[in-house]
Each structure stands twice: as C-alpha cells, then as structure tokens.
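A structural walkthrough
Chain by chain, the residues:
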2 protein chains.
Amino acid sequence: MSATVGFAQFEPLYAEPAANRDTMSEIAESAGQFDLLVFPELAATGYELRDVVHARNIAEPFQEGATSEWARALAVESRGAIVVGYAEKADGVAYNSCVLALPNGAVHNYRKIHLFSREKELFAPGDAPPPVIDTPAGSIGLMICFDWFFPEMARTLALQGAQIIAHPSNLVLPYCQRAMYCRSVENRVFTITANRIGTENQAGRALTFTGQSQILDPDGNTLASAPADAPRSTLVTIDPELAHNKSINEYNNLTNDRRPSLYDV
Amino acid sequence: MSATVGFAQFEPLYAEPAANRDTMSEIAESAGQFDLLVFPELAATGYELRDVVHARNIAEPFQEGATSEWARALAVESRGAIVVGYAEKADGVAYNSCVLALPNGAVHNYRKIHLFSREKELFAPGDAPPPVIDTPAGSIGLMICFDWFFPEMARTLALQGAQIIAHPSNLVLPYCQRAMYCRSVENRVFTITANRIGTENQAGRALTFTGQSQILDPDGNTLASAPADAPRSTLVTIDPELAHNKSINEYNNLTNDRRPSLYDV
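Predicted model, so just to flag it, every value in this text is computed and none were measured.

Let us now look at the sheet that holds strand β6 (residues 132–135) of chain A. All names here are of chain A. Sheet architecture is open: six strands sit in the order β6-β7-β8-β9-β12-β13, paired in mixed fashion. Looking at the sheet topology across the chains shown, the edges are occupied by β6 and β13 (222–225). Strand-to-strand twist in this sheet, taken as the mean axis angle between neighbours without regard to direction, amounts to 20°.

Counting residues at the interface gives 51 residues for chain A, matched by 51 residues for chain B. Taking both partners together, chain A and chain B bury about 4,500 Å²; carbon and sulfur atoms supply 60% of that area. For chain A, the biggest contributors to the area lost against chain B are Y181, Y251 and L262 of chain A; these three give 15% of the whole. One can count 10 salt bridges joining chain A with chain B. One salt bridge connects R259 of chain A with D127 of chain B, and the closest N-O pair in it is separated by 2.6 Å. Inspection of the region where chain A meets chain B yields 28 residue pairs in polar contact (both at pLDDT 80 or more).

Together, L159 and V265 of chain A together with L159 and V265 of chain B make up an exposed nonpolar region whose accessible area comes to about 230 Å². Note that V265 of chain B resides in the segment after β14 (232–238).

The next subject is the packing of helix α5 (residues 151–159) of chain A against helix α6 (residues 176–187) of chain A. Helices that pack against each other are described as a pair by the angle of their axes relative to one another and the distance between those axes. All names here are of chain A. Contact geometry of α5 with α6 gives a least axis separation of 10 Å together with a crossing angle of 35°. As for the relative orientation of α5 and α6, their crossing is right-handed in sense. Two secondary-structure elements touch here, α5 through P151, A154, R155 and A158 and α6 through R183, E186 and N187. Among the residues making up the contact of α5 with α6, the classes are represented as three nonpolar, one polar and three charged.

The rules behind these values
Residues numbered from 1 in each chain as written. Chains lettered and ligands numbered in written order. Predicted model: local features only at pLDDT ≥ 70, side-chain atom pairs only at ≥ 80, totals over all residues. Heavy atoms only, no water. Pairing = 2+ DSSP bridges. Helix = DSSP H or I, 4+ residues; strand = E, 2+ residues; numbered from the N terminus. Axes fitted to C-alpha atoms, helices over the stretch in contact; angles between N-to-C directions. Contact = heavy atoms within 4.5 Å. Buried area = accessible area lost by both parts, 1.4 Å probe. Salt bridge = Lys/Arg side-chain N within 4 Å of Asp/Glu carboxyl O. Polar contact = N/O pair within 3.5 Å; in protein donor to acceptor, adjacent residues only side chain to side chain. Patch = residues over 30% accessible without salt bridge, like charges linked within 9 Å, V, L, I, M, F, W, Y side chains within 5 Å. Areas by Shrake-Rupley, 256 points an atom, 1.4 Å probe, with all protein chains shown as cover. Left-handed = near helix turned anticlockwise from the far one by under 90°. Nonpolar A, V, L, I, M, F, W, Y, C, P; charged D, E, K, R; others polar.

Pasting the structure below:
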C-alpha cells in the first residue's frame, strides 16, 4: 500500500477564517492528488487571539462549524484526508483543536491537551486522549504543536497503532523540528509536522513562527522539509505499513522490549 | 554550585579487564580535576563476549569485584565520581551493569534493563528501576546505551530528580547521538553519553562503535563532543541546578504540564 501525504505551510491572515479557508482550498487544489494533507494549527483563525472573549467568539463548533464543514467538503471532493487546526467552540469555552476529515465524509476531532504559553488564557485544555483513526491513507494519530514536547503523546499514539502522526503546529521555540527525529525513531512512525510562517503582532508582542515543516519516516529520514519563511506545500509517497514493523534487529522490537513495570512515568 | 563533568571515550581491549582498568586510570589521571567522569559501557571487558559462559566467567561481583573496587578507589583518590560499565556476576548469571562510585567510598549499581541485540544471549536483564543518586556533583541518573531508545527511561530518571543522566554506551546504530538532543530538551537535564570507539571482530561479525561521545545541557546545547574514531576525554563545568528548573516560560512547566491520566504508556 502506498499513500501520498504532505504538509501545507502558509501564513494565515489574522482573524479571517473565511479568507484562510479560501487560501487552503487553493493550496489543496494546486497540490496535486493527495491521500492526506496536513495544515497548521489554528490555520483558520491565526494564532494570538486577543483574549478569551475573542477566542470564544471566533471559535466554531466541531462538525457543523464552517471550518469543519469546509474540511469535510474538501476531503470528499479531493478524495484525500484533511487535517486542519481551528478554534473549537463547545460547552461555552474554546478549545485549540484540529479535525481530521476523510474522503467518506467522516470527521474526527482532537482537542489539544498541552496548551502552550498564553493559549492557557484563551483555551480550555482537551480532556480526552489523543485519537488514532484508521483511514485509507493509514492509521493517523493526531497531536497539536506543543504536544510534541511530551514524549508520552507520540508514544501513546504509536502504541495505539498510529502509522502516521499528523502534527499541525504554530511553532515559535527552536526545538521541535530537530527533536522530531527522535519522535519518529523511538516510535518507528512517520511524522508530518505542518507549521505556519510569518509574524503576528498581537497581545503586545511579536511572535515569529518558524516554518520548516517536515515529513520524517520511521527511520528518522527527512522525506521533505520546507523553508523557515516561505509558503511551501510538499507531497511524498510513503508506505504507511512500514510503521507497523517495530523491529530494530532480530533481537529487538521497540514495543515488546518496553519494561513498563520499571518505568515511573 | 558548579560541577566539572566529562566523558572518557576510548577503545577497550577485548577481554582484558586489568589492562582496561589501567588505561582508565591513566585517562582519569591525565583528565584534570573532575567531579564526575563517565566511562563507556562494558569498558572493562569489551563488548562482544563469546557466549553466555564467557560472559559469566569474565563477570565480576558488584562491590567486591575488581572493577567495582577499582572505581571506588579511583573515586576516593581523585575526589571525583566515576561511572563505568562492567559485566556483573550475581545469582549465577551476568548483567550488563554500571557502577557509580563516589569520593566518599559509596558505590551504586545499575543493571541495564533494555538489552540490545546479542546481549540478550549473554546477559540477564535488570529488574530494578534505574537509580538516581544525590552526589556532590549533582543528582545523577544512570542508564546504559540502548536504554536511551525508550523515552520512558530518561523520563523516569528526570521525574526522580536526575539533573545529570550518565549514559555509558557502546553504540553501533546511527540514531543515539542525534536523538539525545530530544532527551535533554524534553526533560531539561544534562546528558553525558560516553561511547567507545573501535571495531570488534567477535561472534562472526564486525561491530564498529560510533564514538561521538557528547555532553548536552538542558536546553539541548552541545557542551562537548568527541570524534567518531579517536580517543577523547573532555571535561566541562556545569551548574547541575539548572536542571531543576523545568519551566519553559511563565505559563509552562514540563513536569506540571504533564497529563498522565491521558497517556497510555
């Protein structure tokens, strides 16, 4: 089995969800045929929402919200899965979420559980484990941006069978792109980090996002990478089943060799 | 508080423990004053012991064994802690262990819990969690070589308060030195990987060890690194207390931000 997967790195306009969805539609249309295309975190709204009221006002419900609906329609039309970050409204609060929309019209949701910096003022943290969804493009696990920092996240996804970790991001710290090598190798999974670019001057500070979106294979090889400061969409064709082989050599299997009774994590 | 810590990368002679201890004594003597010096895994015996009988025959007890005694004497004499890998004999089997010897004459032991490749034929796996020991050079956590592959190991050490992870190694795969960046950053700890060099032609195959010993700080900076194929001892002065600060910014603390109830690890 092979799957054509990729990231779409771009600069969302601040607080202009409709315009950003149009931009993402154009990116998807010009990308070529894909089985999975990952857009950045909060790709519909931009990152530094003014305050919690702004976050709740700009947030949309899962499923019947405009970004969810847009992703579902695009997945059906393009016959490829879409992952996109958005501000989700539910229970009177906002979540930093992403949807995975499938060509069959199904949509899945994940609410970021490790909020970064000022996000804690804007969003409620997710309270459900990160999901792994079987799709025609392989088993896809979802985590968002700062979730990468916690090795337990990618581990949880891999142990649940994720072959590909889709990782919408708005990265500002210098660590992630270099460290994702370890996430891929230690779990023998594909990782797709879709980061944004550009600088936002909201909330009294300038935040520059670091681009450098990338796709790594289970052996840590870089299959694709983007520049730090220019839009870039890249597709690569992979065999997701490679991520089911957790053997390192004839003696070692990274799943079976774990010693959970000796860990204190 | 500051501590002068380092690695001693060299090529042990195969199955010549006395000669290797002499070599290590010379290395320690010429290294200058240290608070912690880490030697490679199985530094006393060499790596590819012929078979399980050879491993049990060449193995020595913890404490009263020659390598344990040597490390204790060296730590006392040099007024610096010593970590060294050795084949340990206990309960009629051999373990791939390391000792931490302190200037006050105390010795601590760790038995590798993730055995790599053919080690599974030679050694019994350790059945105790990895230890963290408070020393004048900071809180030192111990793991051996392939243990690095399992993020739960460094995590367990860091959550137990390790400021410095001492990591005696005989690395042959290409991943570790690059991936340790992530281990340092995700746990905000110092890591000292002391790897060996050279090629062994035992057990019907040639194994080349990859050198490139390194010391990383909690921010992932490389404080020292060695070449791939030459002996090298390097000391750096660090403040181990820096590893007690798990804050990433005013909102995020990597220990407090963990969500164990949502992990399945």
